[in-house]
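So the chains spell out like this:
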Amino acid sequence: MSALAALAAAAAAALLVPYTVRPGPARLLTQLRGLSAIVVAAAAVTVGALLAFAEGTTLALGLIAVGGLGAAFRLVSSQRQRRSADSVAEVVLELSEALAGELRAGQPPVAALQHGAELWPDFAPVATAARLGSDVPTALRTLGRRPGAGALRDLASAWQVSGETGAGLALALTQVTASVRDARATQRVVSAELASAQATARLVAALPLLALMMGSGVGGDPWAFLLGTPAGLVCLALGLGFGFAGLLWIERIAAGVAVR
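Quick look at the structure, then.

Criteria and cut-off values
Here the residue numbering is sequential within each chain, running from 1 through the sequence in written order. Thresholds applied to this predicted model are a pLDDT of at least 70 for local features of residues and 80 or more for the giving and counting of side-chain atom pairs; totals over whole chains, interfaces and linings are not thresholded and use all residues. As a rule here, side-chain values come from all non-hydrogen atoms in the structure, and water together with hydrogens is ignored. Strands are runs of DSSP state E lasting at least 2 residues, helices are runs of H or I lasting at least 4, and numbering of each runs from the N terminus. Burial classes: relative accessible area under 20% of the type maximum marks a residue as buried, over 50% as exposed, and values in between as partly exposed (1.4 Å probe, protein chains only). In what follows, residue pairs with any heavy atoms lying within 4.5 Å of each other are defined as contacts. Under the convention used here, a 1.4 Å probe and the Shrake-Rupley method define accessible areas, while residue burial counts only the protein chains that appear. By the criterion applied in these results, polar contacts are pairs of N or O atoms within 3.5 Å in which, for protein atoms, one can donate a hydrogen and the other can accept it, and in which residues neighboring in sequence qualify only through two side-chain atoms. A helix is expected to reach a length of 1.5 Å times the quantity of its residues less one. The directions from the helix axis to the C-beta atoms are what the arc is built from. In this description, a line fitted to the C-alpha atoms serves as the axis of each element, helices being fitted only across the stretch in contact, and the angle between N-to-C directions of two axes falls anywhere from 0 to 180 degrees. Roughly parallel means an angle under 35 degrees; roughly antiparallel, over 145; roughly perpendicular, 65 to 115; everything else is oblique. Residues are grouped as follows: nonpolar covers Ala, Val, Leu, Ile, Met, Phe, Trp, Tyr, Cys and Pro; charged covers Asp, Glu, Lys and Arg; every other residue, Gly included, is treated as polar. Here, nonpolar core refers to any group of buried Ala, Val, Leu, Ile, Met, Phe, Trp, Tyr and Cys residues whose side-chain atoms link them within 4.5 Å. By definition, turning the near helix anticlockwise from the far helix through less than a right angle yields a left-handed crossing, and turning it clockwise yields a right-handed one. By definition here, a salt bridge exists when the distance from a side-chain nitrogen of Lys or Arg to a carboxyl oxygen of Asp or Glu is within 4 Å.

### Concerning the overall build of the chain
Here comes step 1: Scanning the chain for helices and strands turns up 10 helices and zero strands.
Here comes step 2: Secondary structure elements of the chain, listed N to C terminal, follow the sequence α-α-α-α-α-α-α-α-α-α.
Here comes step 3: Buried residues in the chain amount to 33% of all 260 residues.
Here comes step 4: Counting contacts in the chain only where the partners sit at least 6 residues apart, residues at least 24 apart contribute 59% of the total.
Here comes step 5: Of the roughly 14,300 Å² of accessible surface on the chain, 67% is carried by carbon and sulfur atoms.

Right, dumping it as structure tokens:
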């Protein structure tokens, strides 16, 4: 049992320790990929130890705990990715407004893009492409593949049309910026509406725990049934499964309407 407890603690540490670091949007995807590998490895070691050394109730509880930790990790990862995309979208809006303002003030495009790289370091490849006389629209589209940075593809189209037709670049970027601003305003309204649904889902998911605490408070012993009997273990597994499924469903809906 002590070995199993140590393995469970190691798995929990693998889940929690990397989240003590708050990465910027540029490093989040890389960190999440590395963290996924760590979690999968920790889960595999824990499951292997459970199958090798545990039996009966201990084995069932251990497998349920590993499944619950995996679902929690998936939920937290999805939330962090969505929040990171939203943060990138805000930065892109600020960047678009800065670029349009610089060009309206008479700054050359290269200087405007360099100022954009100062606002957002991840924008540096675009500024470098402009400084070296390379293809700026392609650099914008490449960066626009990042979640939340889809508005850069509109900037790339405006930049390309301006270069091919001779139309005013400042006017084109100003119009694109206005469109991006309107889209962000709509996204904020949608996110505010979804926040209440997400809060309700979390509350509903926590109600069974409250019921167990109330049952213990009135002299009952629901934990003994839930953790010590086959029927209780089935109820525990189904309850956790349905609870996490509901939370992941709500998160999937939120991700489906998030910015791209």
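So much for the structure itself; the text now carries on.
### Examining the side chain of E251
Here comes step 1: Counting through the fold element by element, E251 comes out in helix α10 (residues 230-256).
Here comes step 2: Since its relative accessible area comes to 2%, E251 is described here as buried.
Here comes step 3: Engagement of the side chain of E251 in a polar contact is seen with the side chain of Q198, the distance being 3.4 Å.
Here comes step 4: If we skip the residues at most four places from it in the chain, E251 touches L75, S78, Q79, R82 and Q198.

### Quick word on helix α7 (residues 151-165)
Here comes step 1: Taking 1.5 Å per residue, 15 residues should reach 21 Å; α7 reaches 21 Å between its end C-alpha atoms and fits that length.
Here comes step 2: All buried positions along α7 are accounted for by A151, L152, L155, A156, A158, W159 and S162. Projected down its long axis, α7 shows its buried positions confined to an angular sector of 165 degrees, all on one face. Of the exposed residues in α7, the ones pointing more than 90 degrees away from its buried face are E164 and T165.

### A look at the packing of helix α6 (residues 136-143) against α7
Here comes step 1: Between α6 and α7, the shortest axis-to-axis distance is 8 Å and the interhelical angle comes to 170 degrees. Considering their axes alone, α6 and α7 lie roughly antiparallel with respect to each other. Contacts from V136, P137, L140, R141 and L143 in α6 reach L152, R153, L155, A156, S157, W159 and Q160 in α7.
Here comes step 2: Across the contact of α6 with α7, the residue classes break down as eight nonpolar, two polar and two charged.

### Details of the nonpolar core
Here comes step 1: In terms of nonpolar packing, the biggest core is built from 32 residues, with L113, F123, L152 and L173 touching the most fellow members.
Here comes step 2: Sorting the residues of this core by element identifies α3 (56-104), α4 (109-119), α5 (124-131), α6, α7 and α8 (169-217) as the ones contributing at least two each.
Here comes step 3: Top contributing element to this core by residue count: α3, with seven residues.
Here comes step 4: Aside from chain neighbours lying at most four places away, what touches F123 is L95, L99, L113, G116, A117, L140, L143 and L152.
Here comes step 5: Membership of the second largest hydrophobic core comes to five residues, among which are I64, L212, L226 and L233.

### Brief notes about the packing of α7 against α8
Here comes step 1: At their nearest, the axes of α7 and α8 sit 9 Å apart, and the two run at 160 degrees to each other. With respect to α8, the axis of α7 lies roughly antiparallel. Regarding α7 and α8, the two cross each other, and that crossing is right-handed. On α8, the residues touching A151, D154, L155, A158, W159 and S162 of α7 are L169, A172, L173, V176 and V180.
Here comes step 2: Tallied by class, residues from the contact of α7 with α8 come to nine nonpolar, one polar and one charged.

### Thoughts on the pattern of salt bridges
Here comes step 1: Per the counting criterion, the structure on display carries six salt bridges.
Here comes step 2: For E90, the salt bridge goes to R184, with nearest N and O atoms at 2.5 Å. With E90 in helix α3 and R184 in helix α8, this pair connects stretches of sequence that are 94 residues apart.
Here comes step 3: A residue is classified by how much of its surface remains accessible, and E90, at 28% relative accessible area, is partly exposed.
Here comes step 4: A relative accessible area of 4% places R184 in the buried class.
Here comes step 5: When the shortest N-O distance is used, the salt bridge between E97 and R181 registers 3.1 Å. Of this pair, E97 sits in helix α3 while R181 sits in helix α8, placing them 84 residues apart in sequence.

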